Amino acid sequence: MTNPDYGTQRYERLKESIDEYLGEQGDDRGVGPFLRDLRKACIDLNFYHQECVDNFTTVQDYFQ
């Protein structure tokens, strides 16, 4: 048996997460919670990556 490549694994994880929101019943399921959490994740990732960019910029500025 071969291991799926990274792209396939990533797709399967995404599909599983979407199914948890849209394919199941419950108070914290459905389009509203999905969009809320997707928005929050994008904000969190943006903040994290901005910190990384700021760190690289600080180092780059040091050498200029």
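Scoring rules and cut-offs
Residues numbered from 1 in each chain as written. Predicted model: local features only at pLDDT ≥ 70, side-chain atom pairs only at ≥ 80, totals over all residues. Heavy atoms only, no water. Patch = residues over 30% accessible without salt bridge, like charges linked within 9 Å, V, L, I, M, F, W, Y side chains within 5 Å. Areas by Shrake-Rupley, 256 points an atom, 1.4 Å probe, with all protein chains shown as cover. Salt bridge = Lys/Arg side-chain N within 4 Å of Asp/Glu carboxyl O. Helix = DSSP H or I, 4+ residues; strand = E, 2+ residues; numbered from the N terminus. Buried < 20%, exposed > 50% of the residue type's maximum accessible area, 1.4 Å probe, protein only. Phe/Tyr/Trp six-rings, centres within 6.5 Å; stacked < 30°, edge-to-face > 60°.

## Describing a nonpolar patch on the surface
- On the surface, Leu-22, Val-31, Leu-35 and Leu-38 cluster together into a nonpolar patch covering about 360 Å² of accessible area.
- Counting residues per element, the nonpolar patch draws most heavily on helix H2 (residues 31-62), which supplies three residues.

## A look at the pattern of salt bridges
- Enumeration over the complete set of coordinates arrives at five salt bridges.
- A salt bridge links Lys-15 to Glu-12; its shortest N-O distance comes to 3.4 Å. Placement of both Lys-15 and Glu-12 in helix H1 (residues 6-22) is noted, with a separation of three residues, approximately one turn of the helix.
- Ionic pairing is found between Asp-28 and Arg-36, a salt bridge with its closest N-O pair at 3.1 Å.
- Asp-28 sits in the partly exposed class, given a relative accessible area of 38%.
- Overall, the relative accessible area of 43% leaves Arg-36 in the partly exposed class.

## Quick word on the environment of Pro-33
- With respect to the helices and strands, the residue Pro-33 is situated in helix H2.
- A sequence separation of twelve residues divides Pro-33 from Tyr-21, and the C-alpha atoms of the two residues are 7.3 Å apart.

## Description of the packing of aromatic side chains
- Taken as a whole, this structure holds two aromatic pairs when the rule is applied.
- Pairing Tyr-21 with Phe-34 gives two aromatic rings, centres 5.4 Å apart and planes at 65°, and the pair type is edge-to-face. Remark: Phe-34 occurs in helix H2 and Tyr-21 occurs in helix H1; sequence separation between them is 13 residues.
- Here the aromatic rings of Tyr-62 and Phe-63 are separated by 5.1 Å at their centres, their planes lie at 85°, and the arrangement is edge-to-face. Phe-63 matches Tyr-62 in its accessibility class, with the two residues each being exposed.

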